[in-house]
Amino acid sequence: DGRHQLVVEPAAAVDALHGPALFVVVFAVNAVAWRWGATASLPWTTMVIVLMIWLLVGVPLCVLGGIAGKNTAGDFDAPVRTKNFPREIPHIPFYRRWYTQTLMSGFLPFSAIYIELFYVFSSIWGHSSYQLFGVLVVVFAILVIVVSCITVALTYFQLSMEDHRWWWSAFFCGGSVAGFVYAYGAFFFYFRSKMSGTLQTTFFFSYLGVIAYFFFILCASIGVFSSLTFVRKIYAQLKVD
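Residues numbered from 1 in each chain as written. Predicted model: local features only at pLDDT ≥ 70, side-chain atom pairs only at ≥ 80, totals over all residues. Heavy atoms only, no water.

Trainee: Explain the pattern of salt bridges residue by residue, including any values.
Mentor: Opposite charge on two side chains permits pairing when their charged atoms draw close. Per the stated rule, a full pass over the model turns up one salt bridge. Here Arg-165 and Asp-163 are joined by a salt bridge, their closest N and O atoms 3.1 Å apart. (Salt bridge = Lys/Arg side-chain N within 4 Å of Asp/Glu carboxyl O.)

Trainee: Mind laying out the nonpolar core, listing which residues take part and the relevant values?
Mentor: The biggest cluster of nonpolar side chains holds 24 residues, and the ones touching the most others in it are Ile-113, Leu-117, Phe-204 and Phe-215. Those elements giving two or more residues to this core turn out to be helix H4 (107-125), helix H5 (133-160), helix H7 (177-191) and helix H8 (197-236). Among the elements that line this core, the one with the most residues is H8, at eight residues. (Core = buried A, V, L, I, M, F, W, Y, C linked by side-chain atoms within 4.5 Å. Buried < 20%, exposed > 50% of the residue type's maximum accessible area, 1.4 Å probe, protein only. Helix = DSSP H or I, 4+ residues; strand = E, 2+ residues; numbered from the N terminus.)

Trainee: Tell me about the packing of aromatic side chains, residues and numbers included.
Mentor: The geometry of an aromatic ring pair is captured by the separation of the ring centres together with the interplanar angle, meaning the angle of the planes. Applying the stated criterion across every chain, the model contains 29 aromatic pairs. Relative to Phe-204, the ring of Phe-189 lies with its centre 5.0 Å away and its plane at 35 degrees, an arrangement referred to as tilted. With Phe-189 in helix H7 and Phe-204 in helix H8, this residue pair connects regions lying 15 residues apart in the sequence. In this structure Phe-204 comes out as buried when scored by relative accessible area, which is 0%. By way of ring pairs, the aromatic residues Phe-107, Phe-110, Tyr-114, Phe-118, Tyr-119, Phe-121, Phe-180, Tyr-184, Phe-187, Phe-188 and Phe-191 are connected into one cluster. (Phe/Tyr/Trp six-rings, centres within 6.5 Å; stacked < 30°, edge-to-face > 60°.)

Trainee: Tell me about H7, residues and numbers included.
Mentor: Since the α-helix advances by 3.6 residues per turn, residues separated by three or four positions end up pointing in the same direction. Over its 15 residues, H7 runs 21 Å from end to end, which matches the ideal 21 Å to within 8%, given 1.5 Å per residue. Every buried residue belonging to H7 is among Val-177, Ala-178, Val-181, Tyr-184, Gly-185, Ala-186, Phe-188 and Phe-189, and all of these are buried. Elements in contact with the buried residues of H7: H4, helix H6 (167-175) and H8. (Expected span 1.5 Å × (residues − 1). Contact = heavy atoms within 4.5 Å.)

Trainee: Tell me about the layout of surface pockets, residues and numbers included.
Mentor: The computed volume of the second largest pocket comes to approximately 310 Å³. Around the second largest pocket, the lining comprises 16 residues; the ones closest to its centre are Ile-113, Leu-117, Val-120, Leu-136 and Phe-215. Breaking the lining of the second largest pocket down by element, the ones donating at least two residues are H4, H5 and H8. At seven residues, the largest contribution of residues to the lining of the second largest pocket is made by H4. (1 Å grid on protein atoms, 1.4 Å probe; cavity = no way out; pocket = protein on both sides within 12 Å on 5 of 7 lines; lining within 4 Å. Points joined across faces, edges and corners; volume = space filled by probe spheres on them.)

Trainee: Provide a residue-level description of the environment of Phe-110, including the pertinent values.
Mentor: With respect to the helices, strands and loops of the structure, Phe-110 is situated in helix H4. A residue is classified by how much of its surface remains accessible, and Phe-110, at 13% relative accessible area, is buried. Setting aside residues up to four positions removed in sequence, Phe-110 forms contacts with Leu-117, Val-177, Phe-180, Val-181 and Tyr-184.

Trainee: Go over the packing of H4 against H7 with me, naming the residues and quoting the values.
Mentor: Two numbers describe how H4 lies on H7: the axes approach to 10 Å, and their chain directions differ by 40 degrees. Classed by the angle they form, the pair H4 and H7 counts as oblique. Crossing of H4 over H7 shows right-handed handedness. Between H4 and H7, the residues in contact are Phe-107, Pro-109, Phe-110, Ile-113, Tyr-114, Leu-117, Phe-118, Phe-121, Ser-122 and Trp-125 and Val-177, Phe-180, Val-181, Tyr-184, Gly-185 and Phe-188, respectively. Partitioned by chemical class, the residues of the contact of H4 with H7 number 14 nonpolar, two polar and no charged. (Axes fitted to C-alpha atoms, helices over the stretch in contact; angles between N-to-C directions. Parallel < 35°, antiparallel > 145°, perpendicular 65-115°, else oblique. Left-handed = near helix turned anticlockwise from the far one by under 90°. Nonpolar A, V, L, I, M, F, W, Y, C, P; charged D, E, K, R; others polar.)

Laid out in structure tokens, this is it:
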């Protein structure tokens, strides 16, 4: 019916956003590896099997998860009553718009993790082994706290400018650290590693893009949920007749 259609369509859109992009990267990298005769290349039958698993298992589970989430989720409870018509937004200087905040917001979270990124990249792409998993957990906790604080602060600045459109701003501000991660990966490739050539360049930057993309989704989700909690908290204190 119409209700299930409203759930299936967004769930299918989310799955179509992640699945094909990941498979395009994997197929492209595998094609380059096959062209150069690398032992890391997978036979085409294995790629077809993985694709069929995603189509026959991953897509239906994504749709079922969307339906289950719709049936179990309650109605959105706004902390205050909202008007039917949005309020007019005054002129905002360019240095306080969402795209400027996005460029600045990723610096502090990245500065909290860039030292650990060197050891992680060295263990993935080099010959060293990573054993400081306790430190990695602490750094991840610091990352979550810093992303939450930065996104909440920028959301407050945006609301103080009478701009109520905070959700996508919080999403991109939280996930902007992924751009710094990708840039640091490029720096690591050219100045810290000894990799070169078409095969290694393709492998490195393709999988680095996948890592940065999911890193973006992770930090963006943290930013949105932190800002939502903050907005609900401050507006719950308002007394509206």
